[in-house]
Amino acid sequence: MKKSDESNYRSLTHFFSKALFLGIGIYKVLINARESAIFSLLIGTILGSIIIYIINKTSYYNSKGIKKIIMFILIYVLFILGLAEFVNLISSIYLMDTDKFIILLPLLIVILYLNTKDITIHMKVSKILLSLSLCIFIINLISLIPNLDYLNYLPLFKVNIKNILFTSLEFALYSSVPNIIYGGIKHNIKDYNKKIIISYLLSNLALTFVILLTQGTLGIELIDLFRYPEYIILKKISMLDFINNTENIFSFLWIFTMFIYLSMCSKLLNDITYTKFNNKYIYPIFIFISIYIINNIIFDNNIVSLFLINYLWLILLIILIIYFITNINSLKKK
Amino acid sequence: MKIPKIYKISILILIIITLTGCNTNYKSLNDMSIISSLLIDKKDDKFITYIELYKEEKSENKSKKLSYYITGTGHNIEDAINNASSLISKELYLVHMNTVIFSKEIAQNNLEDVFNYLETKVQINSNYYILISDNIKELMDSKNEDNPILGEKISNLIKYSSNNGPMINYDYLEKLKNYVSNKKDIFLNKVEIENKNITIKNGYYFHNNNLVGTLNNDELKLLNLFSNFNNLYFTFKIDNKQYIIKINNCDINYKLNNEININLNIKGNIYYADKGLDLNNVDLIEKINSHTKYSLKRRIEELLNKLINNKSDIIGINNYIYKINGYQKLDMFKDKININIDVKTNKKGLIQSTLGGSK
Amino acid sequence: MNKIVNQIQNEFKSCNDLIYKKIKIKFKTYHIFFLETLSSSDKVNNYVLKGISFNNNINNINKLLPSPNFINIKNKDQINYYLCNGFTIIINNKNIYAVETKADLDRSISEPTTEANLYGPKDGLVENIQKNLGLIKRRLKTNHLKNKIIIVGRQTKSIINILYIDNITDMKLVNKIEKKLNNIDIDSILDAGILKKILDGNNNPFPTIKLTERPDNICSSLLNGKVIILIDGSPYALILPSFLIDFINPISDEYSKYINVSFLKILRIICFSLAIIVPGFYIAITTYNQETIPIPLLLNFSTQRSGVPFPAIIEALIMIIICEILKESDIRFPNNYGSAISILGALILGEAAVNAGIVSPVMIIVIAITYISSLLFSDTEISGAIRIWRVIFLIFATFFGLYGISLALIAFLINITSYKSMYLNYTFPFEPNDKEYLKKLALGKKTNKRSSYLTNNTTKSNL
């Protein structure tokens, strides 16, 4: 069924473009651009769609040699960033006293389980999770609207233009760079560039709702204090004065987002290390070694998370530039 | 595709690790004691905390709830609570806390300690209330027949009381927002004891987070006009006869030219009128309207003068000016404020006239 | 000729039910064999013996005997097959004939026992394949309904019929099924369940083939483009391919109004998820994320749990095991023994367990909700699959809380979407979106189209 395959393929964008926002993106956008966040969002989507348009013209599906190694490193870096951020989220919200290693293990088991399946199963799972997260998102939206205060959005024009432009660049990078994963998937869909950009715009629309809601309920002064403001506003949901404190269930939205992103990264890494002789065993061993490294270097101290908050945009920019340099041949052909 | 062997080994490793009890987040219900309210006092440079805990009662009538207190002292609030928690055999569980009450001395000198401590406890459901009290120890001895738990009684008073005169339903997060912003000042309600029963009366207001003065019930009622409220009852006197107006709705408009103009549109109905006031008389009703108007205007101007003298901006006029017209450079403390009130008593109900009215 | 006679008598040496008659009429000898247990003596008399004995001028026995089914056997090896199927063998001068004289060894058509229905036809299939075919064909009076015969099983030699409608079903499906059946090499097929196990090749707990006993189910599946397999000796028919939604919604939904039925469909999906998630969710909430519970309930739970010495997971496992024991014993216990078993079960699950301090009352309610929700699904395979996933959710919840439940949910989705039922996706109306089905489900609209996933011929006549 071609139509269903296309919609599965398009549903991946929704998750890729939201994955790196958790914990870092929303906080930064609101702190730098302050009340004029909406302008940087608009400029950022336009920039992001241009970047995606160029990215989608390249493909590294059957690459060989040095190109393969470079792509492996790039996607590996994206994978580790997402993994570190995800584990930080879970250990701040759900399981505060447990070791981060214990949180990491079942996640990796489920990701490796998904790796044994075909790539069409990835896309089917992403479509089902998309419809689930849409339901949760609509419930959140409707129950948070009464808490908005319009004074939190004003004054609109007091922020330096330099800040707005810089934030829009950051926004564009955060939401469009993970889409380089698309280059490694084989497909034969017509007009896919246009369709992916449409779904990218839709997912950015949902993200703007989230950002505007956090700005409206909390106000900029409070957002300075909290690490995950998009989680704090969920505490205000109270339906019928009875269903309170359901923020842990409604945060499943973020878990689904990060999961699809991580599993697609790892599937691509698996495919890249595919060799005739030992494809089954290289990749899982590699994963477990890298977890050990992560656990002892990245999670050990707070300096790394501070570093990430300030310089993630630089890492993503470097990744983008290296990607364009290595894949410029396939761009010329098309 | 069959699952390769290495994945099965990894599942085994996971099971072995988890079964050795590495997960310390497991809290069974019996090992938790739930906190209802937190009372903080200060004595000789040391913080004393009284923590109210829910008491388990195994009886057939499960709707009975009781509570008991434990105390602890320390150099700061976190220290005091830790010392208190060493007196019970269970772990303290803060998430369902209802109220935090601290004494006036702390409000004058150590307000930032309280806010710093509360801000770090993000897991707490942010719907609790903070209040001030003059005599904290006597709060523990008060008897409350409708709800024996102090924290729940106070939070229910704020949420559900029918005449929410002195209480404005701002929970902790709103207070934190005002505390942090430099354009708006906070005010806190006060808990008082009358005949061993707890009420909420009066309040304190701050400027730059220093305690500056008190507010009484009438002034707090007027403040309510500027925020969300359900019903407000104001008493007025005309020709030595009393009448009470019940206000349902108040729309506020600001007009900023060279002066600050605040327009209030008030809609309400006459809730009670003394004998001798004929509600059928159109003239009388117009007289009532205008008398209410002037009386309210006078009261609000008095409140504003009081606030301006202490340079405290509870209502948020400066905040509003900054957000709407930042370039106007108006200031509540320097420019003139004009208040225009328009009162309409538009509902009458089933009563046509009062006793002895038409004669 | 004598050779053949002796051969047959040797093969059936210790079988006492082989009856051998030798009739000599005017220099012609007729050797007649039949198995007494499988043939009805009335028919043997009427069709064969009377016909032969009372006619003197016999040249061609074919034109003489008044039987409906008369076969001329060319191959000696088929004699065994026909004898065991209730035929009478007549041997004369190197001509071997077989006449059908089958006995009626099955029960009459009665109400189906495993599929309950308030409104709708109440006749069910029986063990005789001809009667079953008759029940189906009297509902679908069209010559497009075809059936192919395949014989499977070395000792049982069961007759298997593949039914499909010519202009609706996809021939690719039929060919694939036929190929699979022809490749079976097995000793015996005693029941439809064995064939189901062979055809359902995945190693997963979820079933992809449905068993049914009612002919109206069979007919509506045929009209939607599915393939039916009937087996001689079993009152169940197999419907292929079956999706997850077929086990949740019965086919008799079409006998009521759409609006009334859509609520029930949504309710069944909710019950399916409740039956899997509720125990794990309860444990995750009470041990890791207690903030979700409002205060009055929290205090109730903690007073109730204070008398119980076990942690919550052990309580849950004890209750689940007891409920499974009760469910299993209910199936095995004969109906005549009375209701002592249910009283025993009620005692265990009721006040006595609570007062003894083994379980808390809340746990009983939680487990009762799961079991009542799982009673909606009567198929044994589905209840087995639900049981497995319930335990997996429970284990994830005890070790990781709500985070574990989200991971288990993702793993469950991965598992379901990776199954295929005869090259078609298992999560059919949800994942490859089927507009006809979802329109019926959500909006209660009438559609007069078949779903295009199974067939190309999507137009029905006016509804």
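Because the structure is predicted, anything quoted here is derived from the model rather than measured. (Residues numbered from 1 in each chain as written. Chains lettered and ligands numbered in written order. Predicted model: local features only at pLDDT ≥ 70, side-chain atom pairs only at ≥ 80, totals over all residues. Heavy atoms only, no water.)

Visitor: Teacher, can you tell me more about the overall build of chain A here?
Guide: Of regular secondary structure, chain A possesses 15 helices and zero strands. Taking 20 Å as the expected radius of gyration for a compact globule of 334 residues, we find that chain A reaches 20 Å, a close match to that expectation. For the C-alpha atoms alone, the extent of chain A along its principal axes is close to 60 × 45 × 45 Å. Taken over 334 residues, chain A has a buried fraction of 60%. Restricting the contact set of chain A to residue pairs at least 6 apart, pairs at least 24 apart contribute 87%. As presented, chain A carries roughly 14000 Å² of accessible surface, and 68% of it is formed by carbon and sulfur atoms. Separation of charge centres in chain A, based on 29 positive and 17 negative side chains, amounts to 16 Å. (Helix = DSSP H or I, 4+ residues; strand = E, 2+ residues; numbered from the N terminus. Rg over C-alpha atoms; globule rule 2.2 N^0.38 Å. Buried < 20%, exposed > 50% of the residue type's maximum accessible area, 1.4 Å probe, protein only. Contact = heavy atoms within 4.5 Å. Areas by Shrake-Rupley, 256 points an atom, 1.4 Å probe, with all protein chains shown as cover. Lys, Arg positive; Asp, Glu negative; His and termini not counted. Charge placed at Lys NZ, Arg CZ, Asp CG, Glu CD.)

Visitor: Could you clarify how one ought to interpret the sheet that holds strand β6 (residues 145-152) of chain C in this entry?
Guide: The strands making up a sheet associate through backbone hydrogen bonding, with each pair oriented either parallel or antiparallel. Residue and element names in this part refer to chain C. One open sheet accounts for five strands, arranged β6-β7-β9-β10-β8; its pairing is antiparallel. Because the sheet does not close on itself, it has two edges, and the strands there are β6 and β8 (210-212). Within this sheet the neighbouring strands show an average axis-to-axis angle of 25°, counted without direction. Two strands pair when backbone bridges link them, and β6 and strand β7 (residues 158-165) are joined in this way by eight bridges, in the antiparallel orientation. Across the sheet, K148 pairs through a bridge with I162, a residue of β7. Sheet strands touched by helix α7 (residues 215-223): β6, β7, β8, β9 (227-231) and β10 (237-240). Its angle to β7, the strand with the most contacts, is close to 50°. (Pairing = 2+ DSSP bridges. Axes fitted to C-alpha atoms, helices over the stretch in contact; angles between N-to-C directions.)

Visitor: Explain the interface of chain C and chain A to me, please; I cannot follow it from the model alone.
Guide: A common measure of how large an interface is: the accessible area buried when the components associate. At the junction of the two partners, chain C supplies 26 residues and chain A supplies 34 residues. Approximately 2700 Å² of surface area, both sides summed, lies buried where chain C meets chain A, with 75% of it carried by carbon and sulfur atoms. Ranking the residues of chain C by area buried against chain A places Y403(C), I414(C) and E431(C) at the top, with a combined share of 25%. Linking chain C with chain A are zero salt bridges. In this assembly, chain C and chain A are joined by six residue pairs in polar contact (both at pLDDT 80 or more). Taken together, the elements giving at least two residues each to the side of chain C that touches chain A come down to α15 (380-400) and α16 (402-417) of chain C. (Buried area = accessible area lost by both parts, 1.4 Å probe. Salt bridge = Lys/Arg side-chain N within 4 Å of Asp/Glu carboxyl O. Polar contact = N/O pair within 3.5 Å; in protein donor to acceptor, adjacent residues only side chain to side chain.)

Visitor: Help me understand the environment of I40(B) in this model?
Guide: Residues and elements named next belong to chain B. As for its placement among the helices and strands, I40 is situated in strand β1 (residues 32-43). Overall, I40 belongs to the buried group, its relative accessible area being 1%. The spatial distance from the C-alpha of I40 to the C-alpha of N202 is 19 Å, given a sequence separation of 162 residues. Dropping the residues within four chain positions of it, I40 is found in contact with F47, I48, T49, I77, V100, I101, F102, S103, I106 and I136.

Visitor: It is not clear to me how unusual backbone geometry should be interpreted in this structure. Could you clarify?
Guide: In terms of backbone geometry, most residues other than glycine have negative phi values and most peptide bonds are trans. L154(A) connects to P155(A) through a cis peptide bond whose omega is -5°. Secondary-structure assignment places P155(A) in the loop between α6 (119-144) and α7 (161-176). Geometrically, the link from L240(C) to P241(C) is a cis peptide bond, its omega value of -15° lying close to zero. Assignment of secondary structure puts P241(C) in the loop between β10 and α8 (244-248). In this structure, D239(B) is a non-glycine residue whose phi angle is positive, near 55°. If you trace the backbone, D239(B) turns up in the loop between β10 (232-238) and β11 (241-256). Of the residues examined, D239(B) reaches a relative accessible area of 54% and is grouped as exposed.

Visitor: Explanation requested: the pattern of salt bridges in the structure shown.
Guide: Opposite charge on two side chains makes pairing possible when the charged atoms of those side chains draw close. Scanning all chains against the criterion turns up 29 salt bridges over all chains. Of the charged contacts in the structure, one is a salt bridge between K334(B) and D331(B), with a shortest N-O distance of 3.9 Å. On the accessibility criterion, D331(B) (19% relative accessible area) is buried. The closest approach of N and O atoms between R268(C) and D253(C), which form a salt bridge, is 3.1 Å. Taken together, the residues span a long stretch of sequence, with R268(C) in helix α9 (residues 258-287) and D253(C) in the loop between α8 and α9 at a distance of 15 residues. Given a relative accessible area of 10%, D253(C) falls into the buried group. Several salt bridges share partner residues, and in doing so they unite D134(B), K190(B) and E192(B) into one network.

Visitor: Just to check I follow, could you spell out a nonpolar patch on the surface for this structure?
Guide: Residue and element names in this part refer to chain A. A surface patch of nonpolar side chains, about 640 Å² in accessible area, is lined by I38, L42, I43, L47, I161, L165, F166 and L169. Listing elements by their share of the nonpolar patch, those giving two or more residues are α3 (37-55) and α7. In this fold, I38 is placed in helix α3. (Patch = residues over 30% accessible without salt bridge, like charges linked within 9 Å, V, L, I, M, F, W, Y side chains within 5 Å.)

Visitor: For this particular structure, what's the right way to read the domain arrangement of chain B?
Guide: Residue and element names in this part refer to chain B. Entries for chain B in the domain assignment read domain 1 (30-57 + 64-215) and domain 2 (218-359). Placing a centre on the C-alpha atoms of domain 1 and another on those of domain 2 gives a separation of 32 Å. With 21 residues of domain 1 at the contact, the number on the domain 2 side is 24 residues. At the boundary of domain 1 and domain 2, one finds zero salt bridges. Only β7 (187-194), β8 (197-207) and β9 (210-215) provide two or more residues apiece to the side of domain 1 that touches domain 2. Among the residues making up the side of domain 1 that touches domain 2, the classes are represented as nine nonpolar, nine polar and three charged. (Domains from an automatic or database assignment. Nonpolar A, V, L, I, M, F, W, Y, C, P; charged D, E, K, R; others polar.)

Visitor: Just checking my understanding: could you explain the interface of chain A and chain B for this structure?
Guide: Contacts between the two partners involve 37 residues from chain A and, on the opposite side, 32 residues from chain B. Linking chain A to chain B there are one salt bridge. Among the salt bridges present, the one from K236(A) reaches E174(B), with a minimum N-O distance of 3.9 Å. In this assembly, chain A and chain B are joined by four residue pairs in polar contact (both at pLDDT 80 or more). Looking at the side of chain A that touches chain B, the elements that each hand over two or more residues are α5 (100-115), α8 (192-218), α9 (220-223) and α13 (279-297) of chain A. Split by residue class, the side of chain A that touches chain B holds 23 nonpolar, five polar and nine charged.

Visitor: Honestly, helix α11 (residues 312-332) of chain C in this entry has me stumped. Any pointers?
Guide: What sets the pattern is the α-helix's 3.6 residues per turn: residues three or four places apart point alike. Residues and elements named next belong to chain C. When the terminal C-alpha atoms of α11 are compared, their 31 Å separation across 21 residues agrees well with the 30 Å that a helix rising 1.5 Å per residue should span. When we look at burial in α11, the residues that qualify are A312, I313, E315, A316, M319, I320, C323 and E324. Take α11 and look down its axis: the buried residues cluster within an arc of 160°, on one side only. Every exposed residue of α11 that faces more than 90 degrees away from the buried side is listed here: I321, I325 and R332. (Expected span 1.5 Å × (residues − 1). Arc of directions from axis to C-beta.)

Visitor: In this structure, what is going on with the side chain of K117(A)? I would like to understand it.
Guide: Within the secondary structure, K117(A) is located in the loop between α5 and α6. Comment: no salt bridge for buried K117(A); closest opposite-charge side chain is D118(A), at 11 Å. Ignoring sequence-local partners within four residues, the contact set of K117(A) consists of H122(A), K267(A), I414(C) and S418(C).

Visitor: What should I look at first to understand the pairing of strand β2 (residues 28-35) of chain C in this one?
Guide: Sheet faces and side chains relate simply in a regular strand, where the side chains alternate between the two faces. Residues and elements named next belong to chain C. Among the eight residues in β2, seven count as buried, and that is most of the element. In terms of strand pairing, strand β1 (residues 18-25) meets β2 through eight bridges, oriented antiparallel. Bridging from a neighbouring strand, K22 pairs with H31 of β2. Summarising the sheet, β2 and strand β4 (residues 87-92) pair through three bridges and their orientation is antiparallel. From the neighbouring strand, H31 faces β4, where its bridge partner is I91.

Visitor: Help me understand the nonpolar core in this model?
Guide: Where a protein is soluble and globular, its nonpolar side chains tend to be buried together. Core analysis: the largest hydrophobic core is formed by 181 residues, its most contacted members being F102(B), F206(C) and Y403(C). The dominant element in this core, judged by the number of residues it contributes, is helix α4 (residues 66-93) of chain A, at 16 residues. Once residues within four sequence positions are removed from consideration, F102(B) is found in contact with I40(B), A107(B), L111(B), V114(B), I130(B), L131(B), I132(B), S133(B), I136(B) and L188(B). Residues I270(B), A273(B), L284(B) and M332(B) belong to the second largest nonpolar core, which totals 47 residues. (Core = buried A, V, L, I, M, F, W, Y, C linked by side-chain atoms within 4.5 Å.)

Visitor: Explain a positive patch on the surface here, please?
Guide: Taken together, the side chains of K3(A), R10(A), K435(C), K439(C) and K449(C) define a basic patch exposed on the protein surface. Elements represented by at least two residues in the positive patch include exactly α1 (2-19) of chain A together with α17 (435-443) of chain C. Checked against the element boundaries, K3(A) lands in helix α1.

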